[in-house]
There are 2 protein chains.
Amino acid sequence: MSVPYEEIDTPALIVDLDTVAANIAEMAGVMARNGVRLRPHIKTHKMPEIARLQLEAGAAGITCAKLGEAEVMADAGCDDILLAFPLWGRPKLERIAALRERARVRVSLDSVEVAEGLGGVGGASPDDPIEVFVEVDTGLHRLGRPPGVPTAELVAAVRKVPGVSVAGLLTHAGHSYRSTSLDELRAVAEREVTDLTETAELCGGELEISVGSTPTSRFGAAVPGVTEIRPGTYVFNDATMIRLGVATEATAAARVLTTVIARPAPDRFVVDAGSKSLTSDGAGTPGWIMVAGRPELSMRFLSEEHGIGRCAAETAGPEIGERLELIPSHACPVSNLFDTAYGVRGGRLDHELAVAARGKVR
Amino acid sequence: MSVPYEEIDTPALIVDLDTVAANIAEMAGVMARNGVRLRPHIKTHKMPEIARLQLEAGAAGITCAKLGEAEVMADAGCDDILLAFPLWGRPKLERIAALRERARVRVSLDSVEVAEGLGGVGGASPDDPIEVFVEVDTGLHRLGRPPGVPTAELVAAVRKVPGVSVAGLLTHAGHSYRSTSLDELRAVAEREVTDLTETAELCGGELEISVGSTPTSRFGAAVPGVTEIRPGTYVFNDATMIRLGVATEATAAARVLTTVIARPAPDRFVVDAGSKSLTSDGAGTPGWIMVAGRPELSMRFLSEEHGIGRCAAETAGPEIGERLELIPSHACPVSNLFDTAYGVRGGRLDHELAVAARGKVR
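Predicted model, so just to flag it, every value in this text is computed and none were measured.

Visitor: Could you give an account of the environment of serine 213 of chain B, with specific residues and numbers?
Guide: All names here are of chain B. Structurally, the position occupied by serine 213 is in the loop between β8 (208-211) and α8 (214-220). The class for serine 213 is buried, based on a relative accessible area of 3%. Remark: the alpha-carbon pair of serine 213 and tyrosine 234, spanning 21 residues in sequence, is separated by 8.8 Å. Among the polar contacts listed, one links the side chain of serine 213 to the side chain of threonine 216, at a separation of 2.6 Å.

So, in structure tokens, the structure goes:
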């Protein structure tokens, strides 16, 4: 089974299993020391095997974005799932009712309309209400109302919907990705928890305070009031986390293994992985994709199947047939592009991992 | 089997079958009138059913980017395939040898090193050489040497490799996507054909002249010397083709059907499709993603599962539960994100199409 790394054909998603284990242990340790529950978002890996490693290391449950992901993870034995997405429409409401039969499932929302749909699903009743998190906009301007009175009013309205129970407040500080220093990250993390705890006081009652995002997680865990943190990317890390200062090349566990297939000009090399393996996330920003161990090489642009790299014309540069490991700009959508990943350990292929929750668009 | 369009759950890739048929017929007509062979690139749809429609409409064969795509299309009966990518390494060379047993397969390259690998594959011999196209860089600066002497020297060197026969010159004018007028597109199309025909004269012998890209195809077909054109996107079109002036909303056959799942602010709506359904291609450029039939709505940004849209605060805007059709910025990588597409006709679901060549990274 264990074949040499050199025999993996390219492009391939490779995952260093020792690095994954270390990343999981490190984040679990941070949360344990702070007495905060860890509920990792599985969108980064989409692999049941890695979700199980996270749970074995002490995670309280998992976060999913899509019903299809949650179904795959429930099949794999995950029995405590936060579905952090507003569900709408009969097919999805029927599926969540079925999922509730075999796992504890809570969902997030930011409207009374979505709450009313959820309250009507099979099984949701005053005796067995569906637990929801109300999403708060702490600066990303995606979902949610602003903290304070606007959210407190929404919580009050959702509490009136039959079959629904408000379990907590939730936010995702995706705007933290724009930070330029660790101090800025810390400030965003402190702000998001404070925004939610202050809003919870307006709401009254016991409410969970659930925040998430890898860059803010280690800071947010130390802020009084937070009960649950939902990072995703930390398990693999990526070039964006390295740029933000919360990861290093050594902790970047997921890479796209490529082969140089052309050297059309002295300052140009082309590898066999493009946006169909790496996505276009972050395209064009400096250092968006890193060539592991080769700081003298950088990526210029991607087309679907080609990665066009830059090397100094006065050096020999990589040769045709040479293999390079690319650290993606954003790891999460990359796992969605591969049916299987190669788990490597000590430079050898250990085993293949099924990306079983890949492509679960619904 | 035929269920109403309203019952398709979202997000979903929908393909209007009548529009696809019209797009296929139109491009086939342009090529037939000009006496040029059409060899569509299947990367746009990745669906054997649509490849068959293209062949039935007169295409001489198909173009693929990956061996895995070519294998799927050969399974579906395509027996004349141009694999427009330099192949490297034993596993791929063994696969191409096997593929040559059941289809005419030609490949492109831009180096002697790749030619030497191909010349050594099973079946490639002086009696049965593997036919290659030498790629020329007409301005994209991806693969290939510049036209003229640099390419002629490469052709001479490749011709000396045992087991390889040079069938023609090939280019992809991807730089045409930066054009701002039809005149510019025409100029790029004329330039690429002229570059190749002049280079072919330096090379001597009969050489095919193969060019491709949807924006330049209709212009390139009229330029003397071109023998084969390889557009891909024309079958579906997308917002980029509309911006370039070579498509309209009416000819945009592939859309992502979404549901509005939140209205967190008067000027903001959120749909249930993000970069995991639409990719990040073109992110942030004006009009990158279009909301079909709703010019008053635009898309602000995507996260993986959310599409954040803008509406005028003084209007009612779309309601939660309303369905919107998004025209992707770039259709080709979108088909790679769905296992199945919904073929619709006259506003009803006609049948599902398997995206059988999805995810063929190798």
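Visitor: Any chance you could break down the packing of helix α3 (residues 67-75) of chain B against helix α4 (residues 90-100) of chain B for me, citing the residues and the numbers?
Guide: Residues and elements named next belong to chain B. Put simply, α3 and α4 touch, their axes get as near as 11 Å, and they point 20° apart. Viewed along their axes, α3 and α4 adopt a mutual orientation that is roughly parallel. Crossing handedness for the pair α3 and α4: left-handed. Contacts between α3 and α4 involve Leu67, Gly68, Ala70, Glu71 and Ala74 on the former and, on the latter, Lys92, Arg95, Ile96 and Leu99. Residue composition of the contact of α3 with α4, grouped by class: 5 nonpolar, 1 polar and 3 charged.

Visitor: How would you summarise the sheet that holds strand β6 (residues 130-135) of chain A if you had to cite specific residues and measurements?
Guide: Residue and element names in this part refer to chain A. Across the sheet, 8 strands lie side by side as β2-β9-β8-β7-β6-β5-β4-β3; this open sheet has parallel pairing. Of all the strands in the sheet, the pair left with one neighbour each is β2 (37-38) and β3 (62-64). As paired elements, strand β8 (residues 208-211) and strand β9 (residues 228-229) share 2 bridges and run parallel to each other. Within β9, the residue paired with valine 211 across the bridge is isoleucine 229. Running at roughly 145° to strand β5 (residues 104-109), helix α4 (residues 90-100) makes contact with β4 (80-83), β5 and β6 of the sheet.

Visitor: Outline the domain arrangement of chain A, listing residues and values.
Guide: The figure often quoted for interface size is the accessible area lost as the parts come together. All names here are of chain A. Domain annotation for chain A reports domain 1 (5-10 + 247-354) and domain 2 (17-235). Taking the mean C-alpha position of each, domain 1 and domain 2 sit 32 Å from one another. Each partner contributes residues to the interface: domain 1 has 18 residues there, and domain 2 has 15 residues. Interface area for domain 1 against domain 2, summed over the two sides, is near 1,200 Å², with a carbon-plus-sulfur share of 60%. Three residues, Cys332, Arg345 and Leu353, lead the burial of domain 1 against domain 2; their summed loss comes to 37% of the area buried on that side. Along the contact surface separating domain 1 from domain 2 lie 1 salt bridge.

Rules of the game
Residues numbered from 1 in each chain as written. Chains lettered and ligands numbered in written order. Predicted model: local features only at pLDDT ≥ 70, side-chain atom pairs only at ≥ 80, totals over all residues. Heavy atoms only, no water. Helix = DSSP H or I, 4+ residues; strand = E, 2+ residues; numbered from the N terminus. Buried < 20%, exposed > 50% of the residue type's maximum accessible area, 1.4 Å probe, protein only. Polar contact = N/O pair within 3.5 Å; in protein donor to acceptor, adjacent residues only side chain to side chain. Axes fitted to C-alpha atoms, helices over the stretch in contact; angles between N-to-C directions. Parallel < 35°, antiparallel > 145°, perpendicular 65-115°, else oblique. Left-handed = near helix turned anticlockwise from the far one by under 90°. Contact = heavy atoms within 4.5 Å. Nonpolar A, V, L, I, M, F, W, Y, C, P; charged D, E, K, R; others polar. Pairing = 2+ DSSP bridges. Domains from an automatic or database assignment. Buried area = accessible area lost by both parts, 1.4 Å probe. Salt bridge = Lys/Arg side-chain N within 4 Å of Asp/Glu carboxyl O.

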